[in-house]
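Spelled out, the chains give:
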Amino acid sequence: MKQSVKLIVGNWKMNGLGADLAEALALGAALQASPARARVGVCPPATLIERLSRAVGNTIEVGGQDCHAEPAGAFTGSVSAAMLADAGAKLVILGHSERRAACGETDADVAAKVDAAVAAGLEPIVCVGETLAQREAGEAVEVVSRQMAGSVSDALKGQAFAVAYEPVWAIGTGLIPTLEQIEAVHRAVRAALIARLGDDGRTAPILYGGSVKPSNAAEILHAAEVGGALVGGASLKAEDFLGIIRAV
Ligand code: PEP
């Protein structure tokens, strides 16, 4: 299938103080001097969204790492999708495996957050991925297909969004699935999107995430059905992240 422009998104997780904006500024300056062949996004902690989008919003799309499913209310400590958008976010990562594991987020929770994100005009990046035990039991495609069926909402029809396939065992470990394994899951993700959204499911980029580095980015990004990358650790340093962006 013909793929549109790839999407490379950095997930800073709970890393980054004001001083670390220098990395994003360096990235923005490099992309201004020599534009990327991909769309580039950075999802910093919520505290940096506004500063980051003011500083680099013309070259880098800024995003949140989660949002609450409700638009407002008595949810101490939470951030709504509209608040992210108000701070300058264009993207939002939803259903990251760290939140599914640590905060008990279910597929239904993720689908509700997708609805909230779309209502606020954000572009959701819906994360799915199997654990090592599920991979070793030969259940990867089944698990991801089930997560897709539960996490993808009809609200995505006609909307810009992405899916990120992130095997839990590949995140932050240096372990990477084979290209055949990545392609098999990405094909299953595409099939799930088409089954749910019809033709609207044909074009959304399916990102790969998990230990992407400058040294392995090119072969992953050129694999079938890989529409970009979601990058954790290697997105924290401008030089490393640029190495991945330039591999497109
Ligand atoms: C992530 O957490 O989304 C991720 C892909 O992390 P890393 O690149 O560090 O494996």
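The residue numbers shown here count from 1 along each chain, following its written sequence. Confidence filtering applies because this is a predicted model: local features only for residues at pLDDT of at least 70, side-chain atom pairs given and counted only at 80 or more, and all residues used for totals across whole chains, interfaces and linings. Water and hydrogen atoms play no part in the side-chain values, which are based on all heavy atoms of the structure.

Caption draft 1: Fine view of the overall build of the protein. Secondary structure elements are taken from DSSP: a helix is a run of H or I of four residues or more, a strand is a run of E of two residues or more, and numbering for both begins at the N terminus. A count of helical and extended segments in the protein gives 10 helices and 8 strands. Using C-alpha atoms as the atom set, the radius of gyration is obtained and then compared with a globule rule of 2.2 Å times the number of residues to the power 0.38. The C-alpha atoms of the protein give 17 Å as radius of gyration, which agrees with the globular expectation for 248 residues (18 Å, within 12%). Counting all 248 residues of the protein, 50% fall into the buried class. By sequence separation, contacts in the protein at least 24 residues apart represent 73% of the contacts at least 6 residues apart. What sets the accessible areas is the Shrake-Rupley method with a 1.4 Å probe; for residues, cover comes only from the shown protein chains. Summed over its atoms, the accessible surface of the protein is roughly 10600 Å², and 55% of this surface lies on carbon and sulfur atoms. Charged side chains in the protein number 21 positive and 27 negative. The centres of these two groups are separated by 4 Å. For the exposure calls, accessible area comes from a 1.4 Å probe over protein chains only, and a residue counts as buried if that area is under 20% of its type's maximum, exposed if over 50%, partly exposed in between. Whether two residues are in contact is decided by their heavy atoms: any pair within 4.5 Å suffices. Asp and Glu count as negative and Lys and Arg as positive, but His and the ends of the chain are not part of the count. Taken as the charge centre is NZ of Lys, CZ of Arg, CG of Asp or CD of Glu, depending on the residue.

Caption draft 2: Structural view of the site of the ligand. For this purpose, a residue is taken to be near a molecule or strand whenever a single non-hydrogen atom of the residue falls within 4 Å of it. The immediate surroundings of the ligand are formed by 15 residues, with Lys13, Glu166, Gly172, Ser211 and Gly232 found nearest. Definition of a polar contact: a pair of N or O atoms within 3.5 Å, with one able to donate and the other able to accept a hydrogen when the atoms are protein atoms, and with sequence-neighbouring residues admitted only if both atoms are side-chain atoms. Separating an oxygen atom of the ligand from a side-chain N or O atom of Lys13 is a distance of 2.5 Å. Here an oxygen atom of the ligand sits 2.6 Å away from a polar atom, N or O, in the main chain of Gly172. Considered on its own, the ligand offers 290 Å² of accessible surface; in the complex 95% of this is hidden by protein. In terms of residue class, the shell around the ligand is built from 4 nonpolar, 8 polar and 3 charged. Under the scheme applied here, ten amino acids are nonpolar (Ala, Val, Leu, Ile, Met, Phe, Trp, Tyr, Cys and Pro), four are charged (Asp, Glu, Lys and Arg), and all others, including Gly, are polar.

Caption draft 3: Representation of helix 10 (residues 238-245). Every buried residue of helix 10 is accounted for by Ala238, Phe241, Leu242, Ile244 and Ile245. Mapping the buried residues of helix 10 onto a view down its axis gives an arc of 155 degrees, with all of them on the same face. Those residues of helix 10 hidden inside the fold are in contact with strand 1 (7-11), helix 1 (21-33), strand 2 (39-43), helix 9 (214-221) and strand 8 (228-231). By arc we mean the arc of the directions from the helix axis to the C-beta atoms, nothing more.

Caption draft 4: Local environment of the nonpolar core. For this analysis, a nonpolar core means a set of buried residues of the types Ala, Val, Leu, Ile, Met, Phe, Trp, Tyr and Cys, connected via side-chain atoms within 4.5 Å. Among the nonpolar cores identified, the biggest contains 65 residues, and Ile8, Leu27, Met148 and Leu193 are the most heavily contacted of them. In this structure Met148 touches Val128, Val163, Val189, Ala192 and Leu193, once residues within four positions along its chain are discounted. In this structure, Val9, Cys43, Cys127 and Ala164 belong to the second largest nonpolar core, which totals 11 residues.

Caption draft 5: The arrangement of the pattern of salt bridges in detail. A pairing counts as a salt bridge when a side-chain nitrogen of Lys or Arg comes within 4 Å of a carboxyl oxygen of Asp or Glu. Applying the stated criterion to the full structure yields 15 salt bridges. A salt bridge links Arg135 to Glu130, with the shortest nitrogen-to-oxygen separation between them at 3.0 Å. Since its relative accessible area comes to 0%, Glu130 is described here as buried. The partner of Asp154 in a salt bridge is Arg196, with the nearest N and O atoms 2.8 Å apart. Here Arg196 lies in helix 8 (residues 179-197) and Asp154 lies in the loop between helix 7 (140-151) and strand 6 (162-165), a separation of 42 residues in the sequence. Residue classification places Asp154 among the partly exposed residues on the basis of a relative accessible area of 44%. For Arg196, a relative accessible area of 31% corresponds to the partly exposed category.

Caption draft 6: The packing of helix 7 against helix 8, seen in detail. In this analysis, axes come from line fits to C-alpha atoms, helices being fitted only over the stretch in contact, and the angle between any two N-to-C directions falls in the range 0 to 180 degrees. One way to put it is that helix 7 packs onto helix 8 with a least axis distance of 9 Å and a crossing angle of 30 degrees. Taken together, the axes of helix 7 and helix 8 are roughly parallel relative to one another. The interaxial crossing formed by helix 7 with helix 8 has right-handed handedness. From helix 7, Val141, Val144, Ser145, Met148 and Ala149 reach across to helix 8, where they touch Ala184, Val185, Ala188, Val189, Ala192, Leu193 and Arg196. Class assignment of the residues belonging to the contact of helix 7 with helix 8 gives a composition of 10 nonpolar, 1 polar and 1 charged. The scheme is simple: roughly parallel for angles under 35 degrees, roughly antiparallel for over 145, roughly perpendicular for 65 to 115, oblique for anything else. Helix crossings get a hand from a simple test, with the near helix turned counterclockwise from the far one by less than a right angle marking a left-handed crossing and a clockwise turn marking a right-handed one.

Caption draft 7: Expanded view of unusual backbone geometry. Although it is not a glycine, Lys13 adopts a positive phi angle of roughly 50 degrees. Note that Lys13 resides in the loop between strand 1 and helix 1.

Caption draft 8: Molecular detail of the environment of Gly41. Its place among the elements puts Gly41 in strand 2. We classify Gly41 as buried; its relative accessible area is 0%. In the structure, Gly41 is positioned 30 residues away from Asn11 in sequence and 8.7 Å away in space, judged by C-alpha atoms.

Caption draft 9: Quick look at the side chain of Arg135. Tracing the backbone shows Arg135 in helix 6 (residues 132-136). Taking relative accessible area as the criterion, Arg135 reaches 18% and is therefore assigned buried. Beyond its immediate chain neighbours, meaning those up to four positions away, Arg135 contacts Glu130, Ala140, Tyr165, Trp169, Gln181 and Val185.

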